[in-house]
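What follows is each chain in one-letter form.
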Amino acid sequence: MPSFMEPFRIKAVEPIPFPTAEQRRAALAAAGYNLFRVPARAITIDLLTDSGTAAMSAAQWSAMLSGDESYAGARSFERFELVVRELTGYPEVLPVHQGRAAERILLGNILRLGDISVSNTHFDSTRASVEAAGGEAVDLPVPAYEGVPNQFGGDLDLEALAELLSGRSGHRVRCVVLTVTNNANGGQPVSLLNIVGARKLCDEHGIPLYLDASRFAENAYLITEREAGYAENSPRDIARLMFDLADGCWASLKKDGIANIGGLIALRDEKLAARCCEQLIAFEGFPTYGGLAGRDLEALAQGLLEVTEPDYLRYRAESARWFGEQLALAGLPVLQPTGCHAVYVDAGLLLDHIPAQQLPATAFANELYLAGAVRASELGTLVFGRRDPDGGPDIPAPRELVRFALPRRVYTASHLEYVVDAAEEVCAKAAQLRGYRILRQGGALRQFTAILEPIQ
Ligand SMILES: Cc1ncc(COP(=O)(O)O)c(C=O)c1O
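Residues numbered from 1 in each chain as written. Predicted model: local features only at pLDDT ≥ 70, side-chain atom pairs only at ≥ 80, totals over all residues. Heavy atoms only, no water.

**Some points on the sheet that holds strand β12 (residues 401-405)**
Just so we agree on the cut-off: The criterion for strand pairing is that DSSP finds at least two bridges linking the strands in question. Secondary structure counts use DSSP, requiring at least four H or I residues in a row for a helix and at least two E residues in a row for a strand, with both numbered from the N terminus. Each axis is a line fitted through C-alpha atoms, taken for helices only over the stretch in contact, and angles between the N-to-C directions span 0 to 180 degrees. Contacts: residue pairs with any heavy atoms within 4.5 Å of one another.
Pairing within the open sheet is antiparallel, and its three strands lie in the order β9-β12-β11. Of all the strands in the sheet, the pair left with one neighbour each is β9 (342-346) and β11 (377-379). Between one strand and the next, the sheet's axes are offset by a mean angle of 30°, whatever the strand orientation. In this sheet, β12 lies alongside β11 in antiparallel orientation, the contact comprising three bridges. In the sheet register, L379 faces β12, and the bridge partner there is L401. Along the sheet face, helix α14 (residues 360-372) touches β11 and β12 and points at about 40° away from the line of β12.

**Description of a negative patch on the surface**
How we decide: Each patch is built from residues lacking any salt bridge and having more than 30% relative accessible area; the joining distance is 9 Å for like charges and 5 Å for nonpolar side chains (Val, Leu, Ile, Met, Phe, Trp, Tyr). Methods summary: accessible areas were calculated by the Shrake-Rupley approach with a probe of 1.4 Å, and residue burial reflects only the protein chains presented. What makes a salt bridge here is a side-chain nitrogen of Lys or Arg within 4 Å of a carboxyl oxygen of Asp or Glu, nothing more. For this count, His and the chain ends are skipped, Lys and Arg are scored as positive, and Asp and Glu as negative. Charged groups are reduced to one reference atom each: NZ for lysine, CZ for arginine, CG for aspartic acid, CD for glutamic acid. Each residue is assigned to one of three classes by its accessible area relative to the maximum for its type, calculated with a 1.4 Å probe on protein chains only: buried under 20%, partly exposed between the two thresholds, exposed over 50%.
Taken together, E417, D421, E424 and E425 make up a surface patch of like negative charges. In this structure, E417 sits in helix α16 (residues 413-428). Classification of E417 as partly exposed rests on a relative accessible area of 39%.

**A few points about the site of the ligand**
Put simply, the rule is: Throughout this document, a residue counts as near a molecule or strand when at least one of its heavy atoms sits within 4 Å of that molecule or strand. Any pair of N or O atoms that falls within 3.5 Å is considered a polar contact. Within protein, one atom must be able to donate a hydrogen and the other to accept it, and sequence-neighbouring residues count only if both atoms are side-chain atoms. Throughout, the ten residues Ala, Val, Leu, Ile, Met, Phe, Trp, Tyr, Cys and Pro are labelled nonpolar, Asp, Glu, Lys and Arg are labelled charged, and all others, Gly among them, are labelled polar.
Taken together, 14 residues surround the ligand, and among them Q98, R100, D212, S252 and K255 come closest. For the ligand, an oxygen atom lies 2.9 Å from a polar atom in the side chain of R215. Protein chains bury 95% of the 390 Å² of accessible surface belonging to the ligand in isolation. Across the shell around the ligand, the residue classes break down as one nonpolar, seven polar and six charged.

**Brief notes about the pattern of salt bridges**
Summed over all chains, the structure comprises 28 salt bridges. R408 is the salt-bridge partner of D50, the closest N and O atoms lying 3.0 Å from each other. In this pair, D50 sits in the loop between β1 (45-46) and α2 (58-65) while R408 sits in the loop between β12 and α16, placing the two residues 358 residues apart along the sequence. Like D50, the residue R408 is buried in the burial classification. Across the pair R321 and E225 runs a salt bridge whose closest N-O atoms are separated by 3.0 Å. In this pair, R321 is assigned in helix α12 (residues 310-329) and E225 in helix α8 (residues 216-226), connecting sequence segments 96 residues apart. We classify E225 as partly exposed; its relative accessible area is 33%. In the salt-bridge network here, residues are joined through shared partners; they are D50, R215, E218, D256, R316 and R408.

**Details of α2**
In plain terms, the rule: Arc definition: it is the arc formed by the directions from the helix axis to the C-beta atoms.
Within α2, the full set of buried residues consists of Q60, A63 and M64. With its buried residues spanning 105° around the axis, α2 presents them on a single face. Turned more than 90 degrees from where α2 packs its buried face, W61 and L65 sit exposed. Residues of α2 that are buried in the fold lie against α3 (75-88) and α11 (294-306).

**Focus on unusual backbone geometry**
With omega at -15°, the peptide bond leading from V180 into T181 counts as cis. Assignment of secondary structure puts T181 in the loop between β5 (173-179) and α7 (192-205). Even without a glycine there, the phi angle at I258 is positive, about 45°. A positive phi angle, near 65°, is found at R409, a position not held by glycine.

**Structural notes on the pairing of strand β8 (residues 263-267)**
With five of five residues buried, β8 lies mostly within the body of the structure. As judged from the five bridges shared by strand β7 (residues 248-252) and β8, these two strands associate in the antiparallel manner. Among the inter-strand pairings, A251 is bridged to a residue of β8, identified as L264.

**What to know about the UniProt feature "modified residue: N6-(pyridoxal phosphate)lysine" (unreviewed entry) in the chain**
Put simply, the rule reads: UniProt positions are given in the numbering used here, feature names are shortened, and annotations may be inferred rather than shown by experiment.
Here, the residues flagged by UniProt with the feature "modified residue: N6-(pyridoxal phosphate)lysine" (unreviewed entry) are K255. With respect to the helices and strands, K255 occurs in the loop between β7 and β8. Residue classification places K255 among the buried positions, given a relative accessible area of 12%.

**So, the packing of helix α4 (residues 99-110) against helix α5 (residues 124-132)**
Inclusion rule: Orientation is classified from the angle alone, with under 35 degrees giving roughly parallel, over 145 giving roughly antiparallel, 65 to 115 giving roughly perpendicular, and any other angle giving oblique. Here a crossing is called left-handed whenever its near helix is offset anticlockwise from the far helix by less than a right angle, and right-handed whenever the offset is clockwise.
Relative orientation of the contacting elements α4 and α5 amounts to 30°, with a least axis distance of 9 Å. If you check the angle between α4 and α5, you find them roughly parallel. Along this stretch, α4 crosses α5, giving a crossing that reads as right-handed. The segment α4 lies against α5, with R100, E103, R104 and L107 engaging S125, T126, S129, V130 and A132.

**Digging into the pairing of β12**
Counting buried positions along β12 yields five of five residues, so the element is predominantly enclosed. Along β12, one buried face is formed by L401, R403 and A405 and the opposite face, lined by V402 and F404, is buried too. Alignment of β9 against β12, held across five bridges, turns out to be antiparallel. If you follow V345 over to β12, its bridge partner there is V402.

Following this line, the structure appears as structure tokens:
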């Protein structure tokens, strides 16, 4: 039995489908063996993402009713702006419809051809925005999970950053981005010590530091749990310390906004904000709604207050920890320590007979779907592998991870027990699993649309 309990009770419910084994096989084949293309009506437990999948609170639903849908100067924007300013301390607040719009606008304003953006790890959409601006995205994560599990596996490698900044390409570095938590690197937190170190190096070289704050509250909570000296601080206070150290942030509020849509850019620099505002108007909407409805801004304002509640964050971390323990007991190589928003499994270790170019993480995730209509996501070579410019085999991702993302306040412990049973079934037949080949793929973010075929 889990040692945690959901700190809420359920007021509205939604039935979940239970497709038969035959229906699962047909749905996967019709989707070109790509779980993104499987319709949600064929999924029993959907752990594809924690993004935009949250259950909102009664307070959020009731706030939505008072949404002000005025085109300009809506009351709902004023509430949103106040909540964001009080949380971050940044005076300039621009709403956008989701995180990648914020990335496109902000990074498009900062970067020019040949510039470098350095990060603990750019998320895939962040990398796409850097590259679309003509820049180069350089990831400098600390080595996580080697030997002793690293409590702050999301950190930026400060030594490598110092070396890059004082080396030949140093003058090309235009910004440093800390993704908190580091979604692409096991969902691990970034320590305050690391943010302080990054700030110092940025100051020495006159470079701005930004946070991709999509999971700022979960990062703050993990700091209170893991970093010496902060156990007595509230997650909200820690979040403020994090924001204080940076020049600004962007966020997909589909995560720690605990809502189904939304994002933001928040900055200290008035001039940069004015430039971003021009693009906001051209591509998203008037600056007081930025592509969102007034009711969305109300839900987000309320969500941003709820997300730093210690009981909620404790439940988030404890449920991920318990779920990770159960998966490990079922025989899966679970990355430790677990974070908050997901549990990651190293499918490359379990399926070491499948070469990276044959997508072992995809093989695991697809088999999990066949076992119990559970949808997880591959974060291996399909997502993070690099295309060989000469048309050769893909350059493999550093790890073949499968991510079991945990939508906020959606699934209970018994739902997760069902997932563990399905994963155990996959483990039992691991040696028989085969890889996949890519039949068709797009450019950036190919995982969303690729068509695959099982290798016989
Ligand atoms: C760390 C991080 N940054 C940015 C994004 C992009 O946000 P969105 O999906 O709202 O465009 C994501 C989405 O998963 C993310 O995890």
